[in-house]
Amino acid sequence: MTARAQAPGVPRLASVLRAREAGTAALVLVVFALATLRDHSFADVNSVQQLLVGASLVALLGVGETLVIVTRNIDLSVGSVLGLCAFVVGDLFRHQHIPVWSGFVIAIALGAAIGAINGLITTVARVPSLVVTLAMLYIVRGVDAKLVNGHIVLPSQVPSAFAAVGYRTVFGIPWLAIIVAVVVAAVGYSMRTFRPCRELYAIGSNPEAATLAGIASGRRVFMAFLTSGALAGLGGALFLALFAQVDNSAGLGYELNVIAAVVVGGVAIFGGSGTVVGAALGALLLNTIQQALVAVRSSSYWSEAIAGALLLAAIAFDRWLSLRVARGLRSAEGAHRDLATAGRGSAS
Amino acid sequence: MKGFNKMRIRTARRQAAVVFVALLAGSGLAACSSSSSGSSTSSSTATSSSSASASSTGIKQGLVVYYIPKDTQNPYEVLADQGGEKALSELGGKVVVSSGTTDTAAAQIPSIQAAIQAHANAIVIAGNDPKALCPSLNQAAAQGIKILAFDSDVNCGSSPNHLFINQADTQTIGTSEVDILAKEIGSTGQIAILSAAASATNQNSWIVYMKQELAKYPNMHLVKIVYGNDDPATSLTVLLGLLSAYPNLRGIISPTTVGIQAAAQYLNTHKSLLSKLVLTGLGLPSQMKPYVLDGTVKEFELWNPSNLGYLAGYAAAALASGTTSLTTGSTFKAGSLGTYTVLASSGVTGPSVVLGPPTVFTKDNVTQFNF
Amino acid sequence: MSSDVAPPEAGTGGGVPPAVPPAAEGSGKVVAAGSAVSRPPLWRLAIRWETGLVVALAAALVFGSLESATFTSRITLFYAGINIGYIAIMALPMTLIVVTGEIDLSVASMLGLSGAVLGDLWHHGWSIWPAVLVALAVGAVGGSLNGLLVTKLGLPSIAVTIGTLTLFRGVAEILLGSQTIPTASDRPFPSWLTNIGVVPVSGTELSYTTVIFIGLAVVCGVALHATPLGRAMFAAGLQSEAARFAGIRVARIKFWLYVFSGVICALAGILLAAQNSSVSYNAGFGLELNVVAIVLLGGVSIFGGRGSILGVVLSVAIIGSLQMALTQMNIDPNVQEIVIGGLLLISVVIPSLSRAARWLGARLSLGRSGHTPWAPD
């Protein structure tokens, strides 16, 4: 994609890409507006705070998942890693009375360690990431449950300074949402600016070409998994802060939610495109729809089916979008050879 | 060159197979050694001090009772299982706790099969599903194994006939929950129920009586039932949805220890909501203590889960020894809890025994309990 | 070996990632074709994997008999069939789909949906056979939805089937809500149906699901390994573009495989309902990853183009017997999870590690010379 930066079709291309995230954001606002029309308290401060908080964890995990999916891999172990890190930190709080800040550090480090294992096995042993992370999902979940062993972490055992992260607000915006937003912004900026991060897209678009072009694919993919694990670990710490209670079901089933959010947010499942901002917006959209359904008093039995239909629509829409882009690029190539007819370079 | 590559790949795979098998055996051995360190098997055999009294009441020695909780991690169930172990050890028998990790019937069926193959004398099960366990339980009953359910009943009709150890009278639980809430909100306003799994038998039977009792309070309206699936994260999520959909909500009943804990934690950190929202339900005093002491929750109720398991253990032993039966009015001694009587079937519930009335916990007494 | 991170659905009919020159993608696949051209050795390779599985199965059986007093009793086989039979049935069409380079994650949700349809119709007074037929038809419809989205619209199968996974489960929830059918006011299911969960096939200790699984395995095995259709499936998985140019109707095959999967999963759902004498909307919740694990352990490559039905059958036997043994020994069920996960990991890492060791050995002895198929950073 970077090589095509000179083609005259670029302004259209860039705007189409930007449109994807804008489209998701627009959908969020539309759903929000519809729900508010039906029930005015949906726009209350409390309600909006809850919308942000509810989407935070999935959005955070979605950032790491995006990095991995962009390289044409997948990380199915994020939910189990979140659960394990949440419990380990909680357990350390109650038995070792570690300081609050180290809770975050330990969670991130533990998550990164598991991510590193995933990354190593995927890159060095050349094992498909689906298999590695699926196996890791089982192993980590089993280990987590063995550790918990019925002794769940209770709110009274979590230092209140730590739990404060879960509910305190600043100018009405929950700290949790701010932390996640900072992570999204930082990673998003890196993905656009720094070469190693942009190489992830190249790796996902065409692994062989990327390697032949001299990109250190293995190292980049390894870092992507490491980051995904680290963010899942951070998610575990935030989970502990938010719920102040951890049993062995923490994070259970999160992985498919995260992938769904990421896909709805415009990240292509076969890699090469998509942004973390889009993924975060996807998480926000799915959560807003969930809450909106409750607000309009619809039967809770419909939310699952609607989520599924939405996911299919998002995938189909992204496919259509990428076909348009491909057509635009192909005709841009032709226009590049015939500048006089540059106007024809735009997609039909 | 091609042949050389082929050979290399073949030998690589052969080596792979050997190492694979070695590791398989190794992991099997590892699993084996972890079992001997006593993961979920609990066997307690009594000393002879109680065997004299045991045989005088007609209870057989060496009874094996399989406890099959909803899953092996639920703290409430763990307490109940421990009560069962205490009971059987007093009687010279033993308890084997076996279940899965997910709260599904499919996770419990292998445990029922294991009980059958081990020729257990009785099965005490907390059903994850009202009906899916019935075929397996029926097979067990056909082998002469006595079937008891506790905490969450199974609806198998007469196949098999089983005894339900009820923690408290179903109707009393339902009505008292509503009465407690009504007292606190002045019998007026919208209320909601934060339940567990949508299919949980016990939840649904309590809710039936709650709705009946609500008829006595014409100014109280039940606006929604939400399902937290006994999972703290889900409970919080559905609670938030509830709060945003019903801003004028006055009261919440959460008849599940996980749900009430999650709701209490949220109210504790958003104290402004307490000015108009009242929370009650079924909770463990050890978990709810901080919330009661600082006023987030005024009253809630429960019973001692350990006693529930203890009672189930004595009932299982009595049935297996033939000293009591499922006929209405039969009695049996339950150790330190006293004598219990089998109640008649009613509705979908078969013969049952009731532990006792629920205990109401308030600021004044919550510190006295350590469960 | 070819590229490390090719997606399972690379080369889906009609779906080409944008801005990827076909030549580059093709060259990646040519390496795979290079090793595929030596078809007879690949066969022998396949047999090696199954040999490993046979030894592993023997080890599991020995382990079980030694550690559990009740493992060798005849009824263990029946119970194992009850526990894993309906899951194993779903693994067979999954194998075929994975061989063609796709995946179907909606299997467990279709199992739940067909049960829900069956239950809902029964609840409304339908008699059993029409209800069963409608449930199977629903499976066909769901499968064709998957097939259309993947073949006609060219959408990636992993994403599509995550979507339909949610959709099917959602529809099941809409149909049944929190009810378990039969409710107190319904007639119970006919006993000839519910006997499936209670009695083995007469004269044997095999459950009905085991017999159906074996029969289906024979059909799928013959189709995959001994017919042109089967060879077409391998070709489609290895080299979708070349297969199409060779005249193989890749899209058509994939579509009908998805329909087949939908119907078989619906059948599994009906069998489960019979076994449990009841249905609820969350039947089989979360089982899709178990099915994938079984297929992967059986030696089927997630990239497509390699695998055997025999391997999957052996994998079913290994996992089934291990789970029986561990439950009978009353091992903590979490340990069971760790063992299954570890098994899966080991089964894919070992071959790669031994290849890596050889590569390392070659590099150390030959020095930095020339191109090796491995090019780690």
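Residues numbered from 1 in each chain as written. Chains lettered and ligands numbered in written order. Predicted model: local features only at pLDDT ≥ 70, side-chain atom pairs only at ≥ 80, totals over all residues. Heavy atoms only, no water.

Colleague: Describe the overall build of chain C, with residues and values.
Modeller: From N to C terminus, chain C includes 14 helices and two strands. Looking at chain C as a whole, 62% of its 377 residues qualify as buried. Partitioning the contacts of chain C with sequence separation of at least 6, the portion at a separation of at least 24 is 78%. For chain C, the computed accessible surface area is about 13,500 Å², with 70% contributed by carbon and sulfur atoms. (Helix = DSSP H or I, 4+ residues; strand = E, 2+ residues; numbered from the N terminus. Buried < 20%, exposed > 50% of the residue type's maximum accessible area, 1.4 Å probe, protein only. Contact = heavy atoms within 4.5 Å. Areas by Shrake-Rupley, 256 points an atom, 1.4 Å probe, with all protein chains shown as cover.)

Colleague: Which residues make up the pairing of strand S5 (residues 163–166) of chain B, and what values do they have?
Modeller: Residues and elements named next belong to chain B. Both faces of S5 are covered, namely the face carrying Leu163 and Ile165 and the face carrying Phe164 and Asn166. Bridge analysis of strand S4 (residues 146–150) against S5 gives three bridges, and the strand direction is parallel. Within the sheet, the bridge partner assigned to leucine 148 lies in S5 and is leucine 163. Note that S5 and strand S13 (residues 352–354) share three bridges and pair parallel. When the bridges of S13 are listed, asparagine 166 appears paired with valine 354. (Pairing = 2+ DSSP bridges.)

Colleague: Just give me the short version of the interface of chain A and chain C, but keep the residues and values in it.
Modeller: On the chain C side, the residues contacting the 52 residues of chain A number 63 residues. Of the roughly 5,000 Å² buried where chain A meets chain C, counting both sides, 74% is carbon and sulfur surface. The largest share of the area that chain A buries against chain C comes from Arg126, Tyr138 and Tyr301 of chain A, three residues that together contribute 15% of it. Across the chain A-chain C interface, the total number found is two salt bridges. Between glutamate 337 of chain C and arginine 141 of chain A there is a salt bridge, with the nearest N and O atoms lying 3.4 Å from each other. The tally of links from chain A across to chain C stands at five residue pairs in polar contact (both at pLDDT 80 or more). For the side of chain A that touches chain C, the secondary structure elements donating two or more residues are helix H5 (129–148), helix H9 (207–212), helix H10 (217–243), helix H11 (254–264) and helix H13 (303–337) of chain A. The leading source of residues in the side of chain A that touches chain C is H5 of chain A, at 14 residues. (Buried area = accessible area lost by both parts, 1.4 Å probe. Salt bridge = Lys/Arg side-chain N within 4 Å of Asp/Glu carboxyl O. Polar contact = N/O pair within 3.5 Å; in protein donor to acceptor, adjacent residues only side chain to side chain.)

Colleague: An account of the packing of helix H4 (residues 100–123) of chain A against H5 of chain A is requested, with residue identities and associated values reported.
Modeller: For any two helices packed against each other, the geometry is given by the interaxial angle and the distance between the axes. All names here are of chain A. Remark: H4 packs on H5, axes separated minimally by 9 Å, with the N-to-C direction vectors making an angle of 145 degrees. Where H4 crosses over H5, the two elements pack in a sense that is right-handed. Here Ile114, Ile117, Asn118, Ile121 and Thr122 of H4 come into contact with H5, specifically with Ser129, Val132, Thr133, Met136 and Val140. Considering only residue class, the contact of H4 with H5 consists of six nonpolar, four polar and no charged. (Axes fitted to C-alpha atoms, helices over the stretch in contact; angles between N-to-C directions. Left-handed = near helix turned anticlockwise from the far one by under 90°. Nonpolar A, V, L, I, M, F, W, Y, C, P; charged D, E, K, R; others polar.)

Colleague: Account for the nonpolar core, with residues named and values stated.
Modeller: Residues Leu134, Phe162, Leu238 and Phe239 of chain A together with Leu148, Ile165 and Trp303 of chain B are the most contacted members of the largest nonpolar core, which totals 298 residues. In terms of domain composition, this core takes at least three residues from each of domain 1 (56–167 + 305–355) and domain 2 (170–302) of chain B. Leave out the neighbours within four places in its chain, and phenylalanine 239 of chain A touches Leu57, Leu82, Ala86, Ala244, Gln245, Val246, Ala250, Gly251 and Tyr254 of chain A together with Ala233 of chain B. Membership of the second largest hydrophobic core comes to 31 residues, among which are Cys134, Ile145 and Val154 of chain B together with Tyr79 of chain C. (Core = buried A, V, L, I, M, F, W, Y, C linked by side-chain atoms within 4.5 Å. Domains from an automatic or database assignment.)

Colleague: Describe helix H9 (residues 257–269) of chain B, and please don't skip the residues or the numbers.
Modeller: Here H9 of chain B contains 13 residues, and its C-alpha end-to-end distance of 19 Å stays within 8% of the 18 Å for a straight helix at 1.5 Å per residue. The complete set of buried residues in H9 of chain B reads Thr257, Val258, Gly259, Ile260, Gln261, Ala262, Ala263, Ala264, Gln265, Tyr266, Leu267 and Thr269 of chain B. (Expected span 1.5 Å × (residues − 1).)

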